[in-house]
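Chain by chain, the residues run as shown.
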Amino acid sequence: MTTSASALQHLARALRLLWNGLDLARRALLNALLLALLVALLVWALRPGAPAIQPQTALVLALQGTLVEQARSAGPRERVLGAVQGDVGRAQTRLRDVTAALDAAAQDARISSVLLMLDDFGGGSLPALREVAQALSRVRAAGKPVLAWASGYGQHDWFLAAHANEAWLHPEGAVWVDGFGRRRTHWRGLLDQAGLDAHVLRAGRYKNAMEPYAERRPSAETLESEGALWQSLWASMTGAVEKARGLEAGSVMRAIDSLPQSLQAEDGDAARWALKQRWVDRLLTRDELRAEMTKRGAADERDPQAKTFRQVSLGAYLAQLAPPPAEGGTVGIVVAQGAIVDGRAGPGVVGGLSTAELVRRAREDESVKAVVLRVDSPGGSAFGSELVRRELQLTREAGKPVIVSMGGLAASGGYWISMAADEVFADEATITGSIGVVGLLPSAAGLLGRLDVHAEGVTTTWLRGAGDPRLPPDPRFTALVQALIDGGYRQFVQLVAKARGRTEAQIEAVAQGRVWSGRDAQRLGLVDRLGGLEDAVAAAARRAQLDGRPTRRYIEAAPGRLERWLDRLGLAAVAESLSTRLDTGGAALQVLSPWLGPSAAEAAALHELLALSRTADGAPAALAHCLCGPE
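Here is what the cut-offs are and how they apply
Residues numbered from 1 in each chain as written. Predicted model: local features only at pLDDT ≥ 70, side-chain atom pairs only at ≥ 80, totals over all residues. Heavy atoms only, no water. Buried < 20%, exposed > 50% of the residue type's maximum accessible area, 1.4 Å probe, protein only. Helix = DSSP H or I, 4+ residues; strand = E, 2+ residues; numbered from the N terminus. Pairing = 2+ DSSP bridges. Salt bridge = Lys/Arg side-chain N within 4 Å of Asp/Glu carboxyl O. Right-handed = clockwise from strand over helix to strand, strands pointing away. Phe/Tyr/Trp six-rings, centres within 6.5 Å; stacked < 30°, edge-to-face > 60°. Lys NZ or Arg CZ within 6 Å of the ring centre and 35° of its normal.

**Q** Help me understand the pairing of strand S11 (residues 330-337) in this model?
**A** Looking down a regular strand, the side chains alternate between one sheet face and the other. Burial runs high along S11: eight of the eight residues are buried. Alternating positions in S11 separate into two faces, Thr 330, Gly 332, Val 334 and Ala 336 on one and Val 331, Ile 333, Val 335 and Gln 337 on the other, with burial throughout. Relative to strand S22 (residues 551-554), S11 runs parallel, the two being bridged by four bridges. Each residue of the ladder has a partner; that of Ile 333, found in S22, is Tyr 554. Strand direction decides the pairing type here: S11 and strand S14 (residues 368-377), joined by eight bridges, are parallel. Note that in S14 the partner of Val 331 across the bridge is Ala 370.

**Q** Looking at this structure, I do not really get the pattern of salt bridges. What am I missing?
**A** Tallied over the full model, the rule gives 39 salt bridges. We note a salt bridge from Arg 282 to Glu 292, for which the minimum N-O separation is 3.3 Å. Highlighted residues: Arg 282 in strand S9 (residues 282-283) and Glu 292 in helix H12 (residues 286-296), separated in sequence by ten residues. Judged by its relative accessible area of 8%, Glu 292 is buried.

**Q** Help me out: how do you make sense of the pairing of strand S6 (residues 146-150) in this one?
**A** For S6, the tally of buried residues reaches five of five residues, placing the bulk of the element in the interior. Both faces of S6 are covered, namely the face carrying Val 146, Ala 148 and Ala 150 and the face carrying Leu 147 and Trp 149. Relative to S6, strand S4 (residues 111-117) runs parallel, the two sharing four bridges. Counted as the bridge partner of Val 114 is Val 146 from S6. In this structure, S6 lies alongside strand S7 (residues 166-169), joined through four bridges in parallel fashion. Within S7, the position partnered with Leu 147 by the bridge is Glu 166. Once you follow S6 into helix H5 (residues 155-161) and on to S7, the crossover reads as right-handed.

**Q** Would you explain the packing of aromatic side chains in this entry?
**A** Throughout the structure, instances matching the rule amount to four aromatic pairs. When the centroid spacing of 5.0 Å and the interplanar angle of 80° are considered together, the rings of Trp 273 and Trp 279 count as edge-to-face. Judged by relative accessible area, which is 2%, Trp 279 ranks as buried. Members of the aromatic cluster, joined through ring pairs, are Trp 158, Trp 273 and Trp 279. Above the plane of the ring of Tyr 554 lies Arg 96, whose end atom (NZ or CZ) is 3.7 Å from the centre. Across from the ring centre of Tyr 206, 5.3 Å away, lies the NZ or CZ of Arg 514, which sits over that ring.

Structure (structure tokens):
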């Protein structure tokens with residue numbers, strides 16, 4: 001009895017100590033949060049206002065990371081959580097921000113020039129680059145010089161620099177232009193040796209998304225379709241650069257073909273070679289760049305020690321821009337960027353439900369007179385694609401014009417969601433089409449058999465576990481999935497035929513899963529016009545009979561409470577800094593990526609496709625995904 005009482009006393013003492021410890025930790029955490037909030041409020045209250053932009057100021061576009069339609073993360077919370085989870089990604093710059101700043105700068109008397117600083121630019125799709133180039137041309141047309149500088153140009157950077165009045169390069173730099181194309185790793189031989197099998201089921205003889213797992217080498221159809229696509233994109237890029245730089249047609253290709261000999265003639269000096277080819281105009285170091293910009297503009301008197309020119313960054317300039325005056329009605333823009341999934345998804349992914357809700361919101365908003373769907377997607381879930389397309393169809397039936405503007409990629413499911421529009425615009429370098437459906441049934445039964453590992457049990461129907469990768473594929477299940485894929489393909493072809501006003505036979509001839517450039521797609525009747533987002537918005541306003549310049553409004557999910565508070569308190573930069581400090585997992589991936597090469601990206605894409613190939617309840621799902629990109 002005494003022993004039991006003593007044990008209870010010890011337990012009670014331990015529980016009190018535990019409770020006191022938890023209470024102390026709770027108080028410390030709350031006090032720390034309160035202190036952080038008070039400091040943030042103090043910083044926000046004492047922060048200086050943005051300095052006024054003076055005359056003779058240069059707008060400096062130091063583009064960061066990849067040019068995108070919509071940034072992956074809506075706010076600082078996602079950046080921090082993504083970093084904690086290891087999804088660090090790369091920096092991104094929104095295309096709309098760049099074009100808005102350039103269009104404002106063209107009319108702003110305080111801005112005397114635009115300087116592109118391209119060392120940290122990660123590129124973008126060719127259509128996105130062309131939209132920026134067109135905005136640069138509007139600045140030049142307003143009589144303001146556009147200048148570009150980099151310590152070394154890649155293909156995408158150089159495309160933008162070629163549309164400047166002058167392109168400057170560091171004397172130790174180079175211009176690296178290597179064209180378009182890809183080499184995919186074919187795994188079939190390794191899978192056979194390992195006892196693994198990838199049963200690829202498809203509708204469309206050009207539908208090659210899963211080909212590397214089923215074939216040892218690319219098929220004749222793949223070489224044909226991809227060869228034509230890359231040549232079309234290459235002709236579009238080189239033609240635009242040669243025209244902008246005043247070079248002779250075909251000179252870029254001739255310079256690349258003669259590169260070993262011509263570079264030797266310049267003693268291996270790549271910068272001097274680029275200057276001789278007229279790919280750049282001058283060779284300048286950073287200090288010479290600052291001196292040249294000061295001479296052409298004005299010195300920055302606010303910081304005499306820096307000895308630099310008067311300038312404003314992209315972010316600072318956008319923060320001071322007033323919204324454009326509302327002259328006409330409103331055109332709502334819904335962005336569909338990234339892979340298509342069934343349910344809800346954040347920015348950078350097309351959620352079937354969430355994107356459909358955005359379209360419905362635009363339809364039910366009486367102030368929105370027309371809708372533009374901006375597509376930059378390789379596809380994904382066929383069901384998710386249909387959810388979005390259906391809402392667009394209902395919008396048209398409600399009397400609101402619907403215009404599709406294709407960006408860099410509108411293939412497979414990305415093309416599917418475009419088939420409920422009054423007009424479809426594509427850039428000449430858009431990758432589109434890929435009207436086909438594919439599925440994958442992986443099996444590790446051979447490998448497990450070699451290891452004497454067996455998966456056995458009892459089920460009430462043959463469907464239970466029929467797609468289990470531990471088992472050989474059941475022929476009945478394979479036939480079932482193939483029937484679903486064939487049915488999905490027929491629906492896809494019928495959908496396109498009805499939307500494009502063609503017969504099914506006409507669409508069948510250009511479908512079969514084949515990808516096309518925007519220029520070829522227009523020739524084949526898969527899109528209506530060649531043009532960018534500006535052209536699509538103008539067409540939407542015209543169909544809605546809007547007077548004056550229409551107001552654009554991006555229809556997007558509202559930011560959460562945390563994002564709104566952080567933005568109000570000016571703490572977004574703090575969250576960004578925290579996310580940078582948490583990027584430990586990403587550093588390891590960056591070290592390994594040169595050794596993993598393209599296979600790492602292919603593995604990530606396969607993982608995405610496998611995740612999409614099953615519904616939430618385990619049923620097989622048909623995929624409308626092209627597994628393609630601009631390079």
